[in-house]
Amino acid sequence: MQIIKRTTLKQKPEKGERLGFGQYFTDYMFTMKYTAEKGWHDAKIEPNEPKPFDLATSIFHYAQGIFEGMKAFRQPDGKIGVFRPNENWARMNRSATRMCIPNFPEDVAEEGLETLLKLEKDWIPTEMGTALYIRPTIVATRVMLGVHASTEYLFFIILSPVGSYYAHGLEPTKLLVEDFYVRSSIGGTGEAKCLGNYAASMKAGELAEEKGFDQVLWLDAAEKKYVEEVGSMNMFFRLGDEVVTPALVGSILPGITRKSCIQLLRENGYNVSERRVSIDEVIAAAKDGSLKEAFGTGTAAVISPVGLIRYKDCDYEINGGKMGDVTRMLYDTITGIQYGTLPDKNGWRKIIG
Ligand code: COI
């Protein structure tokens, strides 16, 4: 793969510096172009520098774009570990199909990622809880204002050293159940990781933050009855001896951490259900004490305990506002596999370099 080197490198964050989420970017990026004539072509590594775009470029107008979130972790022997990258490429191509973007060659994306990570290895932070966040993205680049699928695209991968997604780290989050705005509906784009889903969620997110909440817990669009997801996380509830996560009905992102947690829970003998779960069922369980735990899962959020849910102006504390045992077990297992401190029985850890 072609590598275009830069003459000066950027200043890396100091060791131990608070990284936050997505504030620093590495020296290089992977790019690949698509045109109707040539298909996907010109895969290369180049300096990560601002690019000039015509303001009529279609991504700016109609948001025909998709992305993924992955992480690279420093292993105890200094190598690089990535968690289930093939799952991300497969999901990205499903998102592409939904958004009329031509499917890309997954082997070329993987080769680009591996070359990029080897080049940027020194940017992988070493402290526990930190990682090099990987953001593969495809945007429509044809210069035109007609509302049609573009005939030109740019695929890029940028890298960002990150700490925890929430400023308060592993402290349980507070969620506001949103019963007016909706994130997605069946038939919409909710199960694709497309740019517009995130823009559409911002209004409710801001209103929730103004009230002191971390995130919005979305309900289904048709009845405002069933729990969907959080936007940056899939949700799990421990209701008595059942661990429940909302079924993937078409409006929910099929999370890779979600899928991994379901498998780990089953392997550990838990009774796990993927089914529709109504907010009334969750609130009734909170009232009668059978809601033992709630947590969210995601690449950025990892496993995040939920300590409080507000629904229709009433607050429901969960597990005394503390992280529960199942949440802890999943957090320890997933991060142990990611950081290479636990055996990887399922072959989820891809070692590079
Ligand atoms: C991720 O977890 O990687 C996400 O894409 C969620 C969010 C940061 C947009």
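Presented here is an overview of the structure given in this document. A quick note: this is a predicted structure, and the numbers were derived from the prediction, not measured.

## What about the overall build of the chain?
Step number 1: Helix and strand counts for the chain stand at 8 helices and 17 strands.
Step number 2: Dimensions of the chain along its principal axes, counting C-alpha atoms only, are 60 × 50 × 35 Å.
Step number 3: Out of the 353 residues belonging to the chain, those deemed buried represent 53%.
Step number 4: Sequence-distant contacts, at least 24 apart, represent 71% of the contacts inside the chain between residues at least 6 apart.
Step number 5: Accessible surface computed for the chain: about 15600 Å², of which carbon and sulfur atoms make up 51%.
Step number 6: A gap of 2 Å separates the mean positions of the 43 positive and 46 negative side-chain charges of the chain.

## Looking at the site of the ligand
Step number 1: Contacts to the ligand come from Phe21, Phe67, Gly69, Tyr133, Arg135, Tyr165, Lys193, Tyr198, Thr299 and Ala300.
Step number 2: Measuring from an oxygen atom of the ligand, one finds a side-chain N or O atom of Tyr133 at 2.5 Å.
Step number 3: Backbone polar atom of Ala300 to an oxygen atom of the ligand: 2.8 Å apart, as the coordinates give it.
Step number 4: When the free accessible area of the ligand is taken as 280 Å², the share hidden by the protein chains comes to 90%.

## Topic: the pattern of salt bridges
Step number 1: A complete count under the given rule lists 18 salt bridges for this structure.
Step number 2: For the salt bridge of Asp42 with Lys33, the shortest nitrogen-to-oxygen distance reads 3.4 Å.
Step number 3: Between Glu68 and Arg91 there is a salt bridge, with its nearest N and O atoms 2.7 Å apart. Within this pair, whereas Glu68 is found in the loop between β4 (65–67) and β5 (70–74), its partner Arg91 is found in helix α2 (residues 85–98), the two being separated by 23 residues in sequence. Each member of the pair Glu68 and Arg91 is classed as buried.
Step number 4: Among the charged side chains, a network of salt bridges with common partners joins Lys33, Asp42 and Lys44.

## Here we look at the packing of helix α6 (residues 256–267) against helix α8 (residues 325–339)
What describes two packed helices is the angle between their axes and the distance between those same axes.
Step number 1: Remark: α6 packs on α8, axes separated minimally by 11 Å, with the N-to-C direction vectors making an angle of 110°. The pairing of α6 with α8 is recorded here as roughly perpendicular in orientation. Here α6 runs over α8; the crossing is right-handed. Contact residues: Ser260, Cys261, Leu264 and Leu265 in α6; Val326, Met329, Leu330, Thr333 and Ile334 in α8.
Step number 2: Classifying every residue of the contact of α6 with α8 gives 7 nonpolar, 2 polar and no charged.

## Digging into the side chain of Ser58
Step number 1: The residue Ser58 is located in the loop between β3 (39–47) and α1 (59–62) in this model.
Step number 2: Judged by relative accessible area, which is 3%, Ser58 ranks as buried.
Step number 3: Each residue touching Ser58, except ones within four places of it in the same chain, is listed here: Ala63, Ala140, Thr141, Arg142, Met144 and Ser150.

Reading the values: rules and limits
- Residues numbered from 1 in each chain as written.
- Predicted model: local features only at pLDDT ≥ 70, side-chain atom pairs only at ≥ 80, totals over all residues.
- Heavy atoms only, no water.
- Helix = DSSP H or I, 4+ residues; strand = E, 2+ residues; numbered from the N terminus.
- Buried < 20%, exposed > 50% of the residue type's maximum accessible area, 1.4 Å probe, protein only.
- Contact = heavy atoms within 4.5 Å.
- Areas by Shrake-Rupley, 256 points an atom, 1.4 Å probe, with all protein chains shown as cover.
- Lys, Arg positive; Asp, Glu negative; His and termini not counted.
- Charge placed at Lys NZ, Arg CZ, Asp CG, Glu CD.
- Near = heavy atom within 4 Å.
- Polar contact = N/O pair within 3.5 Å; in protein donor to acceptor, adjacent residues only side chain to side chain.
- Salt bridge = Lys/Arg side-chain N within 4 Å of Asp/Glu carboxyl O.
- Axes fitted to C-alpha atoms, helices over the stretch in contact; angles between N-to-C directions.
- Parallel < 35°, antiparallel > 145°, perpendicular 65-115°, else oblique.
- Left-handed = near helix turned anticlockwise from the far one by under 90°.
- Nonpolar A, V, L, I, M, F, W, Y, C, P; charged D, E, K, R; others polar.

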